[in-house]
Amino acid sequence: MYHGCITCFLHDTNDTVHITIRKRLLKSGKYYSLVLDFSPPLPNPATGKATRWKSLGIRLHAEPSNARQRAENRAYMLMAEKRKAEILLMINSNDLSFLQAGRHETGDLVGFYRKFTEGKKTGTALAYKTALSAFMMYAGDKVPFSAVTKEFLSGYRQHLLNSHSQGCAAGYFARLRTVLNEAYREGLLKDRVTERVKSISPPESRRGYLMADEVLALAQAGCRYAFVKRAGLLSILTGMRVSDIEQLDPNECLVNETRVVNGRKQQVHFIRYQQQKTGMLMFEPVPDEARDIIVEQREECRNPLFDGLRKRLRGTKVIREWVAAAGIDKPVTFHWFRHTWATLQLSAGTPLVTVSKMLGHSDLRTTQIYAKIVDEMKVATIGNIKISKE
């Protein structure tokens with residue numbers, strides 16, 4: 001199958017070259033791969049071999065079933081026509097570098113993506129594997145680096161936006177960009193194609209959190225599993241993730257040191273752990289109540305300290321029941337406790353940079369989401385004081 005034909009002139013040989021976009025049905029039967037057909041074949045400047053076909057790294061739906069897929073096909077064909085025009089100009093200038101084979105021509109992006117995922121922390125690895133599955137649904141299980149062009153990446157970006165939520169598309173595309181940047185650093189990609197294709201902005205997320213009076217109510221309420229309650233309150237007091245709380249070493253996590261605070265020497269409690277998500281080593285001061293929770297939990301003789309926490313939370317209503325017992329009508333999850341710590345700290349005047357460091361954020365912009373919540377809380381108070389009777 002073909003779409004259009006264009007003729008140009010190769011000056012070195014006085015040959016007239018016809019360029020045609022052709023469609024090749026992939027093994028899945030769901031997509032066509034678009035390739036350029038050169039007649040007569042062009043000499044590869046690196047090897048001298050005659051080259052007839054050049055993949056554009058663009059795919060079409062073989063049987064578009066709805067208006068969205070038909071619109072995608074039209075957009076992808078425009079990309080293909082644009083790339084064909086660019087190659088036409090190169091041929092007319094005797095520039096055949098687009099045919100050159102190198103390390104980037106023979107490598108496989110999917111294989112590199114898999115290897116890149118190996119060795120990641122469990123949660124991060126799962127996120128990358130999920131993103132890879134989405135990519136393979138679009139591109140197949142073999143993608144040569146030579147096919148990773150601006151048009152290919154733009155096509156995948158549009159596909160994600162058309163077929164996934166904004167947040168999901170942003171995450172999948174961001175992980176692919178990370179992999180491609182690493183491939184470029186290793187010399188597998190000829191061009192840093194990610195610089196020529198915009199990222200997908202995630203939707204502004206809303207952080208769920210509890211107010212100070214709700215935290216007090218939660219502390220007083222009963223919970224089906226005592227160690228779940230201790231873990232939840234520890235997260236509220238420290239901002240720790242559930243994955244980090246679960247893996248605390250009962251013998252190493254709590255450290256007491258003498259520090260000068262407000263001009264006076266006093267004992268300060270610190271919690272020491274390695275973040276499961278980032279690998280960052282944390283050594284942060286914690287209040288007495290957090291120390292007391294850790295000491296109490298040690299009596300259960302678990303190692304790690306909260307071993308089995310996520311298993312207990314999974315598929316149960318324990319958090320929902322605990323929250324309901326406290327008289328709180330909110331869809332609280334365990335991660336809300338981390339958000340609660342950050343929001344209450346900022347509300348109390350703790351500097352944004354300090355909160356960011358204690359959360360282990362690598363980017364201050366992540367922490368600024370909590371600052372917006374605090375700003376909204378401030379705006380909500382403007383009618384609390386009045387000077388006239390209503």
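These figures come from a predicted structure and were not determined experimentally.

Draft legend 1. Geometry of the overall build of the protein. Within the protein, the secondary structure is distributed over 15 helices and 7 strands. Partitioning the contacts of the protein with sequence separation of at least 6, the portion at a separation of at least 24 is 60%. Split by element, the accessible area of the protein, about 21,400 Å² in all, is 51% carbon and sulfur.

Draft legend 2. Highlighting the nonpolar core. With 54 residues, the main nonpolar core has Phe38, Phe98, Leu109, Phe135 and Tyr156 as its most contacted residues. Counting residues per element, this core draws most heavily on helix α6 (residues 166–185), at 8 residues. Apart from the residues lying within four places of it in its own chain, the contact partners of Leu109 are Phe135, Val143, Phe145, Val148, Leu176, Val179 and Leu180. Judged by nonpolar contacts, the second largest core, of 38 residues, contains Ile245, Val286, Ile293 and Trp322.

Draft legend 3. Focus on the environment of Ser235. Inspection of the secondary structure puts Ser235 in helix α8 (residues 226–238). The spatial distance from the C-alpha of Ser235 to the C-alpha of Ile245 is 7.7 Å, given a sequence separation of 10 residues. Excluding anything up to four places from it in sequence, Ser235 contacts Met240, Ile245, Phe334, Phe337, Arg338 and Trp341.

Draft legend 4. Region of the structure containing the layout of surface pockets. Of the voids in this model, the largest pocket is the one considered here, and its volume is about 1,900 Å³. Along the walls of the largest pocket sit 46 residues, with Arg175, Arg207, Arg241, Lys277 and Thr366 positioned nearest its centre. Elements that contribute at least two residues to the lining of the largest pocket include exactly α4 (122–139), α6, α9 (242–246), α13 (335–347) and α15 (364–379). Per-class residue counts for the lining of the largest pocket are 13 nonpolar, 20 polar and 13 charged.

Draft legend 5. View of the packing of aromatic side chains. The full count for this structure, using the stated rule, is 12 aromatic pairs. Centre to centre, the rings of Tyr156 and Phe173 are 6.4 Å apart; their planes meet at 40°, and the pair counts as tilted. Residue Tyr156 is located in helix α5 (residues 150–163), and its partner Phe173 is located in helix α6; the two are separated by 17 residues in the primary sequence. Here the aromatic cluster, defined as three or more aromatic residues joined through ring pairs, consists of Tyr113, Phe116, Tyr128, Phe135, Tyr138, Phe152, Tyr156 and Phe173. In this arrangement the basic side chain of Arg302 is found over the ring face of Phe227, its NZ or CZ atom lying 4.0 Å from the centre. Cation over ring: Arg312 sits above Tyr225, and NZ or CZ is 4.3 Å from the ring centre.

Draft legend 6. Representation of the pattern of salt bridges in the model. Applying the stated criterion to the full structure yields 16 salt bridges. Linked through salt bridges whose partners overlap, the residues forming this network are Arg230, Glu296, Glu300 and Arg302.

Draft legend 7. Representation of empty space enclosed by the protein within the structure. The full count for this structure, using the stated rule, is 1 cavity of 30 Å³ or more. What the largest cavity holds in volume is close to 30 Å³. The wall of the largest cavity is formed by Thr238, Met240, Ile271, Tyr273, Glu284, Val286 and Met358. Elements supplying a minimum of two residues to the lining of the largest cavity: β6 (264–274) and β7 (281–286).

Draft legend 8. Region of the structure containing the sheet that holds strand β5 (residues 254–261). With respect to topology, 3 strands assemble into an open sheet ordered β5-β6-β7, the strand pairing being antiparallel. The open sheet has two edge strands, β5 and β7, and neither has a second partner. Averaged over all pairs of adjacent strands, the angle between their axes in this sheet comes to 35°, without regard to strand direction. As judged from the 8 bridges shared by β5 and β6, these two strands associate in the antiparallel manner. By the bridge assignment, Val261 is partnered in β6 with Arg264. Strand contacts of helix α10 (residues 288–298): β5, β6 and β7, with the helix running at about 160° to β5, the strand carrying the most contacts.

Draft legend 9. The arrangement of the side chain of Thr194 in detail. Among the secondary structure elements, Thr194 is positioned in the loop between α6 and α7 (212–220). Setting aside anything within four residues of it in sequence, one finds Thr194 in contact with Leu153, Arg177, Leu180 and Asn181.

Draft legend 10. Region of the structure containing unusual backbone geometry. Between Ser39 and the following residue, Pro40, the backbone shows a cis peptide bond with an omega angle of 0°. Relative to the assigned elements, Pro40 resides in strand β3 (residues 31–43). In this structure, Pro304 follows Asn303 across a cis peptide bond, with omega equal to 5°. Structurally, the position occupied by Pro304 is in the loop between α10 and α11 (309–313). For Asn262, which is not glycine, the phi torsion reads 55° and is therefore positive.

Draft legend 11. Quick look at the pairing of β7. Burial along β7 is one-sided: the face carrying Met282, Glu284 and Val286 is buried and the face carrying Leu281, Phe283 and Pro285 is not. Adjacent in sequence and paired antiparallel, β6 and β7 are bridged by 6 residues, among which Gly279 carries a positive phi angle near 80°.

Parameters at a glance
Residues numbered from 1 in each chain as written. Predicted model: local features only at pLDDT ≥ 70, side-chain atom pairs only at ≥ 80, totals over all residues. Heavy atoms only, no water. Helix = DSSP H or I, 4+ residues; strand = E, 2+ residues; numbered from the N terminus. Contact = heavy atoms within 4.5 Å. Areas by Shrake-Rupley, 256 points an atom, 1.4 Å probe, with all protein chains shown as cover. Core = buried A, V, L, I, M, F, W, Y, C linked by side-chain atoms within 4.5 Å. Buried < 20%, exposed > 50% of the residue type's maximum accessible area, 1.4 Å probe, protein only. 1 Å grid on protein atoms, 1.4 Å probe; cavity = no way out; pocket = protein on both sides within 12 Å on 5 of 7 lines; lining within 4 Å. Points joined across faces, edges and corners; volume = space filled by probe spheres on them. Nonpolar A, V, L, I, M, F, W, Y, C, P; charged D, E, K, R; others polar. Phe/Tyr/Trp six-rings, centres within 6.5 Å; stacked < 30°, edge-to-face > 60°. Lys NZ or Arg CZ within 6 Å of the ring centre and 35° of its normal. Salt bridge = Lys/Arg side-chain N within 4 Å of Asp/Glu carboxyl O. Pairing = 2+ DSSP bridges. Axes fitted to C-alpha atoms, helices over the stretch in contact; angles between N-to-C directions.

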